[in-house]
Amino acid sequence: MITLGEFIIDKQHDFPEASGELTLLLSAIQLAAKVVNREINKAGLADIIGSTGNENVQGEVQQKMDLYANDKFKAALEARGEVCGIASEEEDEFISFDTERGCNSKYVVLMDPLDGSSNIDVNVSVGTIFSIYKRKSPVGTPVVLADFLQPGVDQVAAGYVIYGSSTMLVYSTGNGVHGFTCDPSLGVFYLSHENMQIPDNGKTYSINEGNYLKFPQGVKDYLKYCQEIDSATNRPYTSRYIGSLVSDFHRNLLTGGIYIYPSTASAPEGKLRLLYECNPIAFLMEQAGGKASDGHQRILEIMPTELHQRVPFFCGSNNMVDKAHSMMEACK
């Protein structure tokens, strides 16, 4: 059995210019994931569930585990010294690691420390999403905003950790998508899903249909299409929506499907964050053979303008995303 550490080292030749820094960076993410996983598994026994009573920069109520996960990932990344700064969904601004080693590091990390955190209270799967870029500013200087406002095509690596019935870490460095399952008795991640590929067609659509009346007409038309009976295309499709992006994406990645979080009348720019959620998930989806867009253009080609920018999100099997696109374009 191949461990995550062994696999990362074996693939280090994919990035000879990294001189091992990327390997250490991914190891730091693995360590923080183990710590967060341990606390999540104690939910209900320790005082870690529920909200803090505070809101983050997006106006969302922060859960206790949001802040715990944010602190643990931030500390692990800073301690390894391979990162010059981070940006997090839970932080108003980016964080610069201004030590000598930090300023001389090549990479920045953007993350959603705990996606779907409110689901912890009801024992539903949650996750961590991360994205890694090379800095644009000169090595040896403090990190700047431009280092984080990079299009998704420039990602060096991206991945997520899903804390569910089993804990998995899934990542890509641009050479396929690989999944590792944690053995809880040893606390070790072992390679369990090598070179994951999404089918071109699926039978599942994932969307919060409670917002149906607020959806664009193209999305409404696509949902009607999904629900129609047609044996030639295996319709109707099955509706499956967990409410945790990582969980919905993970299921669709393995079995085929489409995930949609469109713009709505009350959220015309969409809800999901481009930098912390959409870019890393889109990177993984494309590496697995699927597609990701905002309903009209490729997610990875969008040039960010702010840290907490939101966009609509369509992500999944090729043919399903293409069909949704055609219906969105028809309603322009």
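Starting afresh in each chain, residues are numbered from 1 along the sequence in its written order. Under the rules for a predicted model, residues below a pLDDT of 70 receive no local features and side-chain atom pairs below 80 are neither given nor counted, while totals for whole chains, interfaces and linings still include all residues. Side-chain measures here rest on the full set of heavy atoms in the structure, leaving out hydrogens and waters.

## Describing the sheet that holds strand β15 (residues 313-316)
Then comes step 1: Paired strands, as defined in this entry, are two strands with at least two bridges between them according to DSSP. Strands here mean DSSP runs of E at least two residues long; helices mean DSSP runs of H or I at least four residues long; both are numbered from the N terminus. An order of β12-β11-β13-β15-β14 is seen for the 5 strands of this open sheet, with the pairing classed as mixed. Edge strands, defined here as strands with exactly one partner in the open sheet, are β12 (238-239) and β14 (291-293).
Then comes step 2: By the bridge criterion, 2 bridges tie strand β11 (residues 204-206) to strand β13 (residues 258-261) in an arrangement that is parallel. In the strand pairing of β13, serine 206 is matched with tyrosine 259.
Then comes step 3: Any pair of residues with heavy atoms lying within 4.5 Å of one another is described as a contacting pair. For helices, the fitted axis covers only the stretch in contact; all axes are lines through C-alpha atoms, and the angles between them, taken along N-to-C directions, range from 0 to 180 degrees. Sheet contacts for helix α5 (residues 217-227): β11, β13 and β15; angle to β11, the most-contacted strand, approximately 150 degrees.
Then comes step 4: Each of β11, β13, β14 and β15 is contacted by helix α8 (residues 318-330), which is oriented at about 150 degrees to β15, the strand it contacts most.

## Here we look at the pattern of salt bridges
Pairing is possible between side chains that carry opposite charge, provided their charged atoms lie close to one another.
Then comes step 1: One side-chain nitrogen of Lys or Arg within 4 Å of one carboxyl oxygen of Asp or Glu is enough to make a salt bridge. For the structure on display, the rule yields 13 salt bridges.
Then comes step 2: As a salt-bridge pair, glutamate 91 and lysine 74 come within 3.0 Å of each other at their nearest N and O atoms. Of the two residues, glutamate 91 is situated in the loop between β3 (83-88) and β4 (95-96) and lysine 74 in helix α3 (residues 64-80); the sequence distance between them amounts to 17 residues.
Then comes step 3: Overall, glutamate 91 belongs to the buried group, its relative accessible area being 16%.
Then comes step 4: Two residues, aspartate 154 and lysine 136, come together in a salt bridge whose shortest N-O distance is 3.9 Å. Here aspartate 154 is found in the loop between β6 (126-134) and β7 (157-163), whereas its partner lysine 136 is found in the loop between β6 and β7, with 18 residues between them in sequence.
Then comes step 5: When accessible area is computed with a 1.4 Å probe and restricted to protein chains, residues below 20% of their type maximum are described as buried, those above 50% as exposed, and intermediate ones as partly exposed. When its relative accessible area of 55% is taken as the criterion, lysine 136 is described as exposed.

## Observations concerning the sheet that holds strand β8 (residues 167-172)
Then comes step 1: Ordered by their spatial adjacency, 8 strands build an open sheet running β4-β3-β5-β6-β7-β8-β9-β10, and the pairing between neighbours is mixed. Each edge of the sheet is formed by a strand with only one pairing partner; in this case those strands are β4 and β10 (188-193).
Then comes step 2: With 6 bridges joining them, β7 and β8 adopt antiparallel strand pairing. Within β8, the position partnered with valine 161 by the bridge is leucine 169.
Then comes step 3: Along the sheet face, helix α6 (residues 245-255) touches β5 (107-115), β6, β7, β8 and β10 and points at about 105 degrees away from the line of β7.

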